[in-house]
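Secondary and tertiary structure notes
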Amino acid sequence: LQNPPDPDISDQNAVASTSASAPSPPPPPLPPVLADDRVSVSVEACLKPSSTARIDDVRSAIERMLEKRSLSYIDGPVPVPLDDPFLTENVERIRICDTDEWVQNHEILLFWQVKPVVHVFQLSEEGPCEDLSGDGQLPSFNEWMLPAKEFDGMWESLIYESGLKQRLLRYAASALLFTEKGIDPFLVSWNRIILLHGPPGTGKTSLCKALAQKLSIRFNSRYPQSQLIEVNAHSLFSKWFSESGKLVAKLFQKIQEMVEEENNLVFVLIDEVESLAAARKAALSGSEPSDSIRVVNALLTQMDKLKSSPNVIILTTSNITTAIDIAFVDRADIKAYVGPPTLQARYEILRSCLQELVKKGILSNFQDCDHLVIPNFACMKEKLNMPEMQEAQTKFHLCKQLFEAAEACEGMSGRSLRKLPFLTHAALSNPYNCDPIKFLCKMVDTARGELSEL
Ligand code: ADP
């Protein structure tokens, strides 16, 4: 924050400039400009479906509520204050986001170090709107109004290490800011194309959708409306290639119309872009009609055209993990590898599964699974083997069992991990109100069985 001009200094300068005879003393240094070095922390508030309150009013009410909050800031829910009838009537939930980085660095964020940035949103319950013009084929695209109910909680459920999610969020936020400020692309170049690549089932498609949902919430004061168009790259290559060209044209005409509305933020998700490269290669080798080349080229040209619109972000995924050498990929600014979950990520994914099963009464409720969060995961293995830790404590047994399950799942994708608790449950001889420790033992067997079939 810039300090207001110091009246004393202005006065001294005035004296110096008017008294010509007196030797002018050197002007005192200006007081340092105090920077606001508080950490910006996002606070997201979801309105009830029935709420008709103005977003600005709710935001102000939450800002006032947070001013009274003299606690530390950590990711997670904040209770809606029961003594505030306006908030209880309109707000379903409030959540603090993005503090993990600080917490992982063991820095606790206290309220005076934090500058809360409140984002208020209401979920769309409209569901996807499919394009069914493909004459009985797969729809060539789905359209979602964002933030959508279907993607609620997806961002939080995806677990990666090394700040991947934060990196993507920051990248997209910078790209939108540069566009908004009209930065000259000849002087500073950037674009709005993201490519996530890695083995199947590592959450790439989900991460793209979750990112679009997050950005639609974070940028809703600039862009009150957001849409996601999910393009099915396979279906663009119908067996009638002459149709494909028309489909691409139709699709991009629709996107163009959306983009022309400057209050819209449009996300275009093109899944499995490698199918475009494959189609091109097949056409070159003569095994597919050369029309497919035209379709891929049309798609690339249309994407280049879209790039000039400030309010579009193109999200792409590919299951090919090695170098992807298509023209398409060269256009991406951020290429992030999304790999299979590490031990810590596997532990966290399984912990979140366990938490859900305890919460919904499938597993007997021994205690809150939040207690199983391990702050310093790197030393976990040594700690588990320390004799004093091995005393008969339920929490400790459970941590150990969960850790063993996570170790047993090495090589599994995130998708397989999320299915594992279901398969485990189906394999139990007594599936009612099962004890979590027994459940985790069974899970290790199930994981081994699954891995042996890979
Ligand atoms: P991909 O596009 O890479 O094939 P998906 O987005 O289809 O993967 O992932 C399928 C599901 O697998 C996700 O919806 C999610 O439930 C689960 N999943 C995959 N990776 C992870 C992860 N890192 N953390 C949590 N869940 C994951």
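Residues numbered from 1 in each chain as written. Predicted model: local features only at pLDDT ≥ 70, side-chain atom pairs only at ≥ 80, totals over all residues. Heavy atoms only, no water.

Another aspect to go through is the site of the ligand. The full set close to the ligand counts 16 residues, and I159, G201, K204, T205 and S206 are the nearest of them. One of the backbone nitrogen or oxygen atoms of I159 is found 2.9 Å away from a nitrogen atom of the ligand. Take T205: an N or O atom from its side chain is 2.5 Å from an oxygen atom of the ligand. In the complex, the protein chains occlude 84% of the 560 Å² of accessible area that the ligand would expose alone. Mapped by element, the contributors of at least two residues to the shell around the ligand are α7 (204-218) and α16 (414-426). Class assignment of the residues belonging to the shell around the ligand gives a composition of 6 nonpolar, 7 polar and 3 charged. (Near = heavy atom within 4 Å. Polar contact = N/O pair within 3.5 Å; in protein donor to acceptor, adjacent residues only side chain to side chain. Areas by Shrake-Rupley, 256 points an atom, 1.4 Å probe, with all protein chains shown as cover. Helix = DSSP H or I, 4+ residues; strand = E, 2+ residues; numbered from the N terminus. Nonpolar A, V, L, I, M, F, W, Y, C, P; charged D, E, K, R; others polar.)

What follows deals with helix α2 (residues 55-67). Here α2 spans 18 Å end to end across 13 residues, near enough to the 18 Å set by a 1.5 Å rise per residue. The secondary structure elements touched by the buried residues of α2 are β1 (39-47), β2 (72-73), β3 (76-78), α3 (85-90), β4 (91-97) and β6 (114-121). (Expected span 1.5 Å × (residues − 1). Contact = heavy atoms within 4.5 Å.)

Okay, the pattern of salt bridges next. Evaluated as defined, the whole model comprises 12 salt bridges. Here D56 and R54 are joined by a salt bridge, their closest N and O atoms 3.6 Å apart. Exposure remark for D56: the relative accessible area of 39% places this residue in the partly exposed category. By sharing partners, the salt bridges in this structure join E44, R95, E156, K214 and R218 into a single network. (Salt bridge = Lys/Arg side-chain N within 4 Å of Asp/Glu carboxyl O. Buried < 20%, exposed > 50% of the residue type's maximum accessible area, 1.4 Å probe, protein only.)

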